[in-house]
Structures are given as C-alpha cells and as structure tokens.
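# Notes for the structure review
Next come the chains, spelled out residue by residue.
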Amino acid sequence: MVKLNNFDLVIVGGGPAGLFLAKEAKKKGINVLIFDREDRIGGILKQCIHTGFGLEIYGKDLTGPEVIENLKEEIKNLDIPIFTKSMCIGFEDGKLYFYSPKGVIETKSDYYIFSLGARERNRGSVFIEGDRPSGIFTAGFAQYITNILGLKIGNKIAILGSGDIGLIMARRLILEGMEVIGVFEIMPFYGGLPRNIRQCLEDFDIPLYLSHTILKVSGDKRLKKIFVSEVDQNLKPIGNLKEFEVDTLLLSIGLLPEIDILKKDSLKIDSKTLGPFVNQYFLTNKEGVYVIGNSLTIFDLVDKAMTSSLNALDGILKGKRIWNKDFIKIKKGNLIRNFVPQIIERDVGFVKIYYRVSEPIINKKLYLKEDNKIIFEKKIIAKYPAEMDEILINTDLIEKDEVILEIL
Amino acid sequence: MKEITCIVCPLGCRILIQGDNILNYKCKKGLEYAKNEITSPKRVLTTTVKVIGFERRRLPVRVDREIPKDKLFLVLREIKKIKIDKKVKRGEILIYNILNLSANVISCETIED
Amino acid sequence: MEKVYDVVVGGGGVVGASIFRELSKYEISLLLIEKEEDIASFGSTIANTGIIHGGYDLLPNSLKAKLNIEGKKLWKELVKKLNIPNEFNGILVLGKDDNEEKIIYELFDRGIKNRAEVKILKDKEIFELEPNLEKDYKIALYSDGGIIDPFIGTLNLVRNGYKNGGEVLLECEILNIKKEKDFITLITTKGDIKTKFFVNALGFFGRKFLPDQSIIFPRRGEYLVTDKNLKGLFSHPIFGVPSEKGKGISITPTPHGNLLLGPTSHITSFYDTSSYLSERIEILEKVKSFIDFDFSKYIIRDFAGVRASSKTKDFIIEFEKESNILHVQGIDSPGLTSAPAIGIMVKDLINERFCLKEKVNFIDSLKKDINIKDLNKEELDSLIKKNPSFGEIICRCEFISKGEILNALKTFPYPKNLDGLKRRLRVASGRCQGSFCTIRILKIINEELKIPFEKINKKVDGSNIVYGEIE
C-alpha cells in the first residue's frame, strides 16, 4: 500500500478551488498533494464550456476549460504530485484513504482541504407522480453528456427549475439543434443570474413559466409527456393540468455541497447551507480539516469559490487545526437564506462574510447587529437569491457571543 | 423606458435605456453593450467540436470576440465542420476570421495525449 | 424444435427461480423461460420488501402457513450457500392500545400453532430493541424472520440452477398453450416449445392460462426508499397490527442500509406501477405512528409494483384437471418467504407423476462474487495490483468498482441494461441516483461490449439514455 505521510497538506478534489489553493499554498512553501476522482483534473469546469469565468482572477471573461488551462499552466512547474482516478473513501484511525487503479493509498497530514464540489438535487427531492421512464436527468448530467461525450440527450426537452445550470443547458441544447419547449420554475421569481435569463432564454425565445411546476410524467420506456400546473403563493397547485409532449426532462432544482465522505465523522453540518459549519478560516469542527468551494456552500461564481479559499490558506499558515474555544456565533435573521462562515473568532480584525438573500430584495438595509448595537450596515438596492454577496466586518467591534445578520 | 440586463460580466447590471439616453451602467463595457443591444446585438459563441484518435471525444472551442447575434447559427454551422485529429494547444486558431466577422475560432483546451 | 423438455418453468421471478433451482437437482431436461430481457425485472419480485416473514399472521393449516414456515427455514441456509445479502434479526409487530394488544395475542397464538418462533415483549423490552420508536407502544410480538435482497436472491437461484444444467431462455413470452396427447406445446415469441410438464409461475401474467381467471385480482403497492444516512434508525422490520388488507405499511431496514417504507395495498384494474402522491402521503402518514420524524427530506426514490392475489386467500399450487400444467398462482405475501418451499412442493407434485432421479453431482452453492466491500485495505490493495479495474471506483455513493461492473457484465444471466446492472450491483441506487456513475457506466458498456451509446437502455428496449452523437 502506498503511504504518503510527508506532505504538509492533502487536497481532496482537483477542481478550480482545489487547484487554485494548491498553487497558492505551494508558492508559500507548503508541500501539497492533490487527489482527484476523475481521469482529468479540472472538476466541473471541464464541462462548463460557456463564458462567465475568470473575470475577477484573470481580468478576462473566459470559458471553464480556459480557466483550468490557466491553472494547469500555473501549477506545471510547481512540482505538485497529482493523483487522478483516486476516490477518497474517508478517514479511518486518523488517516485518509483513497482507492485508485494503482492501489489503496494512505495519507496522513496535519492539514486536509476538501474541495469536492457539489452534487445535484434529483427526482427524489421533488415528488413527481407517474412512471419512471428513461429521459429524466439532472441538468449537470445532461451537460456532461452534451459537452464531454458529444451525445444527444433528447429531441424535445423541458427544463424544471430556472437555476443557472438549467438556463445554460437550455441555450446549449438549442445551439446543438434540439428543441427546448420551456423552463418551469415553481417560485414567482427566477433562480439563476439575470444575464442568463437574457442570453439563454430571451435570445432564443424559450418561454419561462414562473409559478409553475411539473406534477406528473408519463411514458413506459422513454418519457412521453409532462403534466404541468400553476401554483399559488403557497406553492400549491391551482387550476388545470397542462400537458406537454417531450422526451426529455432536465432537472435544474438545486445544488448541494458534496461532503458525504466526512459525514460519518460527526462533522457539524449547517442546515441552511447543507455544508459544514466553519470559522473564518473555513476550518470545520474536525481537527485539521478545511472545506472550500462548493463543498462548503454553493457559490454563484467560480472566481469567488477560488479566491475565498485563501481563507483556508491563511488558517493553515497560522497553524490553525481546531476552533478557538471563544468564538462568536452568527445567527440567521430576516430575509437571509444562508452565509459562511457561521462562526468567527474574536478580535481578528476584518473578516469577510459571504451570504445569500432568501427572496428578491429591493431597497432595503443589511445589518450585522449585536443585540441592538449595529456592528455593520449596508444599503441593498437590488439583490436576487442567485447572487451571493460579501461584506467585510470588523470583529474587534464585537463583544458578545452572538450577532445576527438580517435585512430590514 | 426599457430595462435590459447587461451580459458582459456576471454582475448583470440592469441598464436603463430611455430614448437616446443610457443610464445605470457601471463600466464602459456595459455602455458599449447597451449601445449595441439596441442597434446590433452581439454574443460570444462557445461550442464543442469532434475529436478523433484521442481519449477525449470533444474539444471546447469559442470565438475570440463577439459576433452578431443574428449570425450565431451560421457561424455554428461552419464550426461544426472542424474535426480535430491531431494535437492542439489552447488558444490555437482553428478558423481565421470566420465568415469575415473579424472573429477567430480558437481552442479552449490543450490536447496532447 | 423436436426436443421435448421434461419440465418447463414459466416465470423468472423468485417463485419460478426457486422451482427451477429445486428441479435442477434432478436428472431431467429443464428450461426456465422469462418474457422480459432479464430475471426478476418487471413483476412482483422486484417490487418487494424482501422480508422473510415469521408466519404468525397466517391461518393455521393453510398452505400459506405451511410454506411460509418451511420457506423461512430454507432461506436461512440458502442465503449462505448462494451469497444472498440478508439480515435475520427478527420482526416486530407493535400495539398501542387494548384492542391492538388483543390482536397481538391472537397473532402470538397463531404463531405458536404455525410453529413460528414467537414471543411477547412489553414496554421497555420493546425499546431496548428499537430505541427510536414512539414511546406509546406497550406491547409487541417478536418473531424470527428477516430480510433479503429479493433480486439477488432470485438471480442467484437462477445462476445455481443454470450451473447445474438447467437452461434459461429470456425474452420469451408464452402466447398460448396447446395440450397435445403426450406433451404440451407452448406457443412463444421464440417459437414452439414442447414439454411434458409446464409450471405456470408467471405471476400476474399467468392468470390468463388459468381455467378460471376471475379468481386472481391484482393489487398495487408503492414503496419509498430512504437515504443510507438513516441507517441504524431501526434494526428490525416493524409493523403495526394487520388489517383485512394485509400486514400493512412497515419500516424495513434493507441489508444495504436503506429504509423501505411501505407497501400500500390498493386493488387495481391494470398493471399499474406508477407512483402516486396520495400513496406517498399515505405511507408518510402511517410511519409517523412509529416515529415522529420527517422522512420526506430523506426519500431518495420511490417505486411501485403489482402482486396477484387469489380470492381464495391462499396460494393456488395444483395441476389443472387432466393436464400436466401445474399452476402456481395467487402468490402474494408471503410469496417470497415461501418460494423455496414452493419449489419443493412443485417437485413433489411432479414426482408423483414422473419419477425424478437425483443428480449425484449437484452443486448446491455459488462461488462468491468479488465485492470490494468485503475486503480490508491490504486485501483490496493486493487485488488492485493484480487487476487495476477493482481500484477504479465508478459508483461514488455505493463504492462500486469498474472490476465489479465488468464481472457482472460477463456473468450469466447477463444484465441487458442499466437497471439490470443496478439490480445486481446497486449502482445508481444511492443518493445521487446515477448522476455520477451513469456516464461512466455508459462509457464502460460502450468500450467493453462495443454497444453504441444510443443502444444502451435504462430498462427495456426503447428506453435509451441518449440518441446518438450530436452533429
């Protein structure tokens, strides 16, 4: 068995966040090892062939693969061992194990970074009545089929959920000659970025049905029909069912941080992000274990997932392996959906908090309050749940154990 | 008054167009975009092309600058004719000045093996 | 085809498979036919909780009671010989009030009469076994019994029968049966098959060959499957007291770590395997009485199936008048439990008419398939060094390697589609429901079996995943 115990930092996940952090860490003299479960590194960006990446980090509007090529170029001469086709199977007796075609690999290190990305919500998360035919897929699956394998996922396609992946795929499928009959969104507002509504739906006259959901499907072998209903403000179906004949239904109903491999280790999970609880270094309650990128919380932009990982590098350079006993807990307040970090150390100067709103906000104010004392406030002109925002707060101003983040 | 969402970068600023006035843009790219949207809308096209003889099956490609929105499918049809059967470097030009639109089609990835 | 088989068993579900395996112990020409492309891919076996029942709820001296008790004993041996995933922890039937207590005692009495291993538990004895139960239960019947993987059980019975010389023919549907003088001709989609004896173990689809079809009526049942994160919530199948509809909705921990909630029981007029919101709600409501827990967030999948019930309320296992057609019909609960015993009973019935000679070289076990979860790290490392495909993990939710997938693709009866692989290996059965592994499995099937992508199906022909290459 290969035993790798001489590295300072083990990075699990060779996607954009993991590669970016590996590069930055090695440049600071930290000996790094990268493991990835696929046959090529790059993570999800390999299949994100559209633009919208790299603006913050490279100052250019790049495609996903181009960002990965940049990162590969940057780590090329840094002498970082990269193990592909290596699946992390979790910790056992304080060591982290991987299965690969080369054998079982054992690693032990003071610091671990998990950058495993996200998984998609599937049919199990929403209940759709009817048969269980072929033709119902998640949007990310369809993206891999189309962009990496170059195969045709269907002829006549409906999309459930107006999150970015669904919008991006709507455009992609039209460009590849398939028919997209519409995007159905249960909420009265869309879930993806406004620019994607414009350039993916409006550009191609793909109808967006807000306040609609798919209740039932039929088809004994391959999907034949979907049955759609309008919903009221309580998201309950109203009115008559509308039938659409399609052979493919793509589900773009949300992403979930992928941290299952750590769940058996009594990792503290945040029910609002569905990712781990972390402090401002993105350190979890498990000794030496940091989580970054979509594994931590679903980011809206890959650049943010990458740059925020520097919080973890900061913690590692400072030798942080466990939480300080004295920390400040951030409570979720009005109109806030979720945020990271969920706990912060006291008197550490300025700390960034990444948050999302729970519904579209127009002309309101964001507050970080300690009881009635305002620690931070910011005017919000317009903010959608799809757009993650960040604020810089001064922890030196906080005296108590708890603060609340809210919008009023 | 018309409100459009700028698509130049993911910020997606909501730019207001009132007659000849363009308001609420945050950078000059946004202003350019808003001006063009009215007169001659442009888009960046990305797609994949077939790869033969390597483990990879597709190569992601893009135009290196925006092209007119109404020429998207024509450009796409030209790009579809490309078949990659030898090594290619990221940024390598696969089609020069496609359909005379002053944009090149370039490779987004390097294929070496 | 001039060959005349001694016995043809119709139906590749657990009952047909058990009969097939039992008969393969004898020197006869034996054929199993199944209308679908795979064993146990469509009928009642595959929409089954998998419980090996205690037998306490059945009418004493009924055929069901006798076969349940025998079958339970036989399964305890078969799971070892045929490597079938199982747990034999026992079963609990719970009661809250005086009425239910009365019923529990009735079941206990019946259990004694039927020779089940039963005992009564009270109050804290119940919660010692199941600490997560709602605390208003005061009495329980504890019975021996357990749970198996019904598909693997059926598959391995067929594999064993095949190993011992039984023939298997898939995608063969019986359209008509002609009784000739000395034999029976089965008119099938794969031609005429002549046989001395025909066993109708076709499940609901065998109803049409009965002299009186009206005796069989279909009932559908829906199940919800939970995430493995709930493993350990319960360690026994738990039931409330039975009603005239049957045993009722249970919470059953599978040998794989999921919880099965269900089944419902509704008379249907056609082979209805759809999922219904009303039945989902029915299940979630019922399980609330066992534990006040919001299962809805943990449901990863649902499925439904149909079982054929007989109006006689018992199994029908008998020769048709003046014929060598043996009907095995109306096999609803405890069908799975009784299956091995049904096999022996059918063998005995045939033996009365046609002397069966035992094979001397019958191999009663199957070689264990490689399962990387059975190996420790050192063992797996050695295996990977010999065969790297066992180190390439394809299903990340259930940790299944490429090597195991390749083995399954090469083992008769071969999986013909993704669902076939799923039933054998549990790929695409986890939390992500296939969004990671399916792509990789498509590639493996395309590379290893040289099947074009557009011909790879989810289930039957016509349920392709993709439509070929994009332009």
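In this text, all values refer to a predicted model and were calculated from it rather than measured experimentally. (Residues numbered from 1 in each chain as written. Chains lettered and ligands numbered in written order. Predicted model: local features only at pLDDT ≥ 70, side-chain atom pairs only at ≥ 80, totals over all residues.)

Our focus in this paragraph is the overall build of chain A. When helices and strands are counted, chain A shows nine helices and 30 strands. By the compact-globule yardstick of 22 Å for 408 residues, chain A fits well, its C-alpha radius of gyration being 22 Å. Principal axes of the C-alpha set define a box for chain A whose edges measure 60 × 60 × 40 Å. When the 408 residues of chain A are sorted by exposure, 52% land in the buried category. Intrachain contacts of chain A at a sequence separation of at least 6 include 64% that bridge at least 24 residues. (Helix = DSSP H or I, 4+ residues; strand = E, 2+ residues; numbered from the N terminus. Rg over C-alpha atoms; globule rule 2.2 N^0.38 Å. Buried ≥ 20, exposed ≤ 12 C-beta atoms within 10 Å, placed from the backbone. Contact = placed C-beta atoms within 7 Å.)

It is worth spelling out the overall build of chain B at this point. In terms of regular secondary structure, chain B is built from two helices and ten strands. The C-alpha radius of gyration computed for chain B amounts to 17 Å, which surpasses the reference 13 Å derived for 113 residues by more than 25%, pointing to a less compact arrangement than a globule. Along the three orthogonal principal directions, the C-alpha set of chain B runs to about 55 × 25 × 15 Å. Here chain B holds 113 residues, and 29% of them are scored as buried.

Let's shift gears to the domain arrangement of chain A. All names here are of chain A. According to the domain assignment, chain A consists of domain 1 (1-120 + 255-323), domain 2 (122-253) and domain 3 (326-408). The C-alpha centroid of domain 3 is placed 26 Å from the C-alpha centroid of domain 1. Between domain 1 and domain 3, the contact holds 15 residues from the first and 16 residues from the second. A breakdown of the residues in the side of domain 1 that touches domain 3 according to their chemical character gives six nonpolar, five polar and four charged. (Domains from an automatic or database assignment. Nonpolar A, V, L, I, M, F, W, Y, C, P; charged D, E, K, R; others polar.)

The partner chain C presents 42 residues to the 41 residues of chain A that form the contact. Every element with two or more residues in the side of chain A that touches chain C is listed here: β7 (87-92), β8 (95-100), β9 (103-107), β11 (118-120), β12 (129-130) and α4 (139-147) of chain A. With five residues, α4 of chain A is the largest single contributor of residues to the side of chain A that touches chain C. Looking at the side of chain A that touches chain C residue by residue, the classes come out as 14 nonpolar, 13 polar and 14 charged.

Moving on: the sheet that holds strand β10 (residues 105-107) of chain B. Residue and element names in this part refer to chain B. Spatial ordering of the open sheet is given by β8-β5-β6-β10-β9, a layout of five strands whose pairing is mixed. In this open sheet, the two edge strands, each paired with only one partner strand, are β8 (83-84) and β9 (93-95). In terms of strand pairing, strand β5 (residues 46-51) meets strand β6 (residues 58-63) through five bridges, oriented antiparallel. Its bridge partner lying in β6, lysine 50 is registered against arginine 58. Across the face of the sheet, helix α2 (residues 72-79) comes into contact with β5, β6, β9 and β10 while running at roughly 20 degrees to β5. (Pairing = 2+ DSSP bridges. Axes fitted to C-alpha atoms, helices over the stretch in contact; angles between N-to-C directions.)

Right, let's get into the sheet that holds strand β3 (residues 51-52) of chain C. All names here are of chain C. Spatial ordering of the open sheet is given by β3-β8-β4, a layout of three strands whose pairing is antiparallel. The sheet terminates laterally at β3 and β4 (86-87), the two strands that pair on one side only. Where β3 lies against strand β8 (residues 146-148), two bridges are found, and the strand directions are antiparallel. Paired with isoleucine 52 across the strands is glycine 146, a residue of β8.

For chain B, the mean per-residue pLDDT works out to 91, and 99% of the residues sit at or above 70. Interface confidence for the predicted complex, expressed as ipTM, amounts to 0.92; the pTM equals 0.93. (pLDDT = per-residue confidence, 0-100.)

Turning next to helix α3 (residues 98-113) of chain C. Two residues of an α-helix separated by three or four positions point the same way, owing to the 3.6 residues in each turn. Residue and element names in this part refer to chain C. The terminal C-alpha atoms of α3 lie 23 Å apart, and with 16 residues this matches the ideal 22 Å at 1.5 Å per residue to within 8%. Of all the residues in α3, the buried ones are Ile104, Leu107, Phe108 and Gly111. Angular distribution of buried residues about the axis of α3 spans 105 degrees; they occupy a single face of the element. Facing away from the buried side of α3 by over 90 degrees, the exposed positions are Asp98 and Asn99. (Expected span 1.5 Å × (residues − 1). Arc of directions from axis to C-beta.)

All names here are of chain C. The omega angle of the peptide bond from serine 333 to proline 334 is 5 degrees, so this bond is cis rather than trans. The amide bond that connects phenylalanine 412 to the next residue, proline 413, takes the cis arrangement and shows omega of -5 degrees. Along the polypeptide, proline 413 turns up in the loop between α9 (402-409) and α10 (418-425).

Now for the domain arrangement of chain B. As assigned here, chain B comprises domain 1 (2-39) and domain 2 (46-107). Between the C-alpha centres of domain 1 of chain B and domain 2 of chain B the distance comes to 28 Å.

Before going further, it helps to spend a moment on the packing of helix α5 (residues 164-175) of chain A against helix α6 (residues 194-201) of chain A. Residue and element names in this part refer to chain A. Two elements in contact, α5 and α6, have axes separated by 8 Å at closest approach and are oriented at 20 degrees. By the angle between their directions, the pair α5 and α6 is classed as roughly parallel. Viewed along their axes, α5 and α6 form a crossing whose handedness is left-handed. Within the contact between the two elements, α5 uses Asp164, Leu167, Ile168, Ala170 and Arg171 and α6 uses Asn196, Ile197, Gln199, Cys200 and Leu201. (Parallel < 35°, antiparallel > 145°, perpendicular 65-115°, else oblique. Left-handed = near helix turned anticlockwise from the far one by under 90°.)

Let us now look at the environment of threonine 63 of chain A. Its location among the elements puts threonine 63 of chain A in strand β5 (residues 62-63). Classification of threonine 63 of chain A by C-beta neighbours within 10 Å gives buried; the count is 23.

What follows covers the nonpolar core. One finds Ile11, Leu21, Ile113, Ile159, Ala170, Leu249 and Tyr290 of chain A to be the most contacted residues of the largest nonpolar core, which totals 152 residues. In this structure, isoleucine 159 of chain A is in contact with Ala139, Gly166, Met169, Ala170, Val180, Val183, Leu250 and Ser252 of chain A, ignoring residues within four places of it in sequence. Grouped together as the second largest cluster of nonpolar side chains are 103 residues, Phe20, Leu121, Phe197 and Leu202 of chain C included. (Core = buried A, V, L, I, M, F, W, Y, C linked by C-beta atoms within 7 Å.)

This part is about the pairing of β8 of chain A. Residues and elements named next belong to chain A. As judged from the five bridges shared by β7 and β8, these two strands associate in the antiparallel manner. Within β8, the position partnered with glutamate 92 by the bridge is lysine 95. Counted between consecutive antiparallel strands, the loop separating β7 from β8 contains two residues, among which aspartate 93 sits at a positive phi close to 55 degrees. Sheet analysis places β8 next to β9, joined by five bridges and oriented antiparallel. In the sheet register, phenylalanine 98 faces β9, and the bridge partner there is isoleucine 105.

Our next topic: the packing of α9 of chain C against helix α11 (residues 437-448) of chain C. Two packed helices can be described by the angle between their axes and the distance between those axes. All names here are of chain C. Where α9 meets α11, the axes come as close as 11 Å, and the angle between the chain directions of the two elements is 50 degrees. Considering their axes alone, α9 and α11 lie oblique with respect to each other. Judged by the twist between their axes, the crossing of α9 over α11 is right-handed. Only Ile441, Ile444 and Glu448 of α11 make contact with α9, whose side of the interface consists of Lys402, Ile405, Leu406 and Leu409.

Let's shift gears to the pairing of strand β2 (residues 30-33) of chain C. Look at any regular strand and the pattern is simple: side chains alternate between the two faces of the sheet. Residue and element names in this part refer to chain C. Side-chain alternation along β2 places Leu30 and Leu32 on one buried face and Leu31 and Ile33 on a second face that is also buried. Examined bridge by bridge, strand β1 (residues 4-10) and β2 share four bridges and lie parallel to one another. Along β2, the bridge assignment pairs valine 8 with leucine 31. In this fold, β1 hands off to helix α1 (residues 14-23), which returns the chain to β2; that crossover is right-handed. Of the pairings in the sheet, the one linking β2 to strand β9 (residues 167-169) comprises three bridges and is parallel in character. Across the sheet, residue leucine 32 finds its bridge partner in β9, namely valine 168. (Right-handed = clockwise from strand over helix to strand, strands pointing away.)

What follows deals with the environment of glutamate 106 of chain C. Structurally, glutamate 106 of chain C is set in helix α3. For glutamate 106 of chain C, a count of 15 C-beta atoms within 10 Å corresponds to the partly exposed category.

All names here are of chain A. With respect to the helices and strands, isoleucine 261 occurs in helix α7 (residues 260-263). C-alpha of isoleucine 261 to C-alpha of proline 188: the two residues are 73 residues apart in sequence and 35 Å apart in space. Excluding residues within four positions of it along the chain, isoleucine 261 makes contact with Cys88 and Gly90.

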